[in-house]
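Inside the fold
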Amino acid sequence: MQKTLSWAAVILWMGLIFHLSHQAAAASSELSTGVTEIVLAFIEKVVPNEDLDVSSIHHIIRKSAHFFIYFFLGMLVLHALNMSKGTGGKTIGLAILICVLYAISDEVHQLFVPGRGAQVKDVLIDSAGASVGIVGYLLLSRLINIVRKT
């Protein structure tokens, strides 16, 4: 049952990524602009009267979204592979491969979405996010095992 639920989580997360990538440029920009406004409001409370470059912050938020959505995908894929009795370096390599291939397919998919396009830079950011997520999963698993033994 855990194996099925783990893979279902991967498929659902990939579906979310597909949904977000399928938004036309205007809708995608509107979503990230809304997030940018929230972040700017927070920054202005913490550092009032600071001269902020809104376009730079907007760009950082868009690229951070790529990183973190694939961060969680990496964790979910490795967890699903582990639930499928995979262990070791080959499993980690397979998890990275799945995430990188999905990132590539996601960028290709965007070629067919109005106003969107494919960027190699986004594949690299997505792959980095997935890799860090996989390392985070491994560290968290090790920490949980240490705590269970004590």
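Residues numbered from 1 in each chain as written. Predicted model: local features only at pLDDT ≥ 70, side-chain atom pairs only at ≥ 80, totals over all residues. Heavy atoms only, no water.

1. Observations concerning the overall build of the chain
Helices and strands together make up the secondary structure of the chain, namely five helices and zero strands. When its C-alpha atoms are laid out on the principal axes, the chain stretches across 50 × 40 × 25 Å. Within the chain, the fraction of its 150 residues that count as buried is 31%. Within the chain, contacts between residues at least 6 apart in sequence are counted, and of these 73% link residues at least 24 apart. (Helix = DSSP H or I, 4+ residues; strand = E, 2+ residues; numbered from the N terminus. Buried < 20%, exposed > 50% of the residue type's maximum accessible area, 1.4 Å probe, protein only. Contact = heavy atoms within 4.5 Å.)

2. Comments concerning the packing of aromatic side chains
Under the definition given, this model contains four aromatic pairs. Residues F67 and F68 carry aromatic rings whose centres are separated by 5.2 Å and whose planes lie at 80 degrees to one another, so their mutual orientation is edge-to-face. Judged by its relative accessible area of 22%, F67 falls in the partly exposed class. F68 sits in the partly exposed class, given a relative accessible area of 45%. Among the aromatic residues, ring-to-ring pairing joins W13, F67, F68, F71 and F72 into one connected group. (Phe/Tyr/Trp six-rings, centres within 6.5 Å; stacked < 30°, edge-to-face > 60°.)

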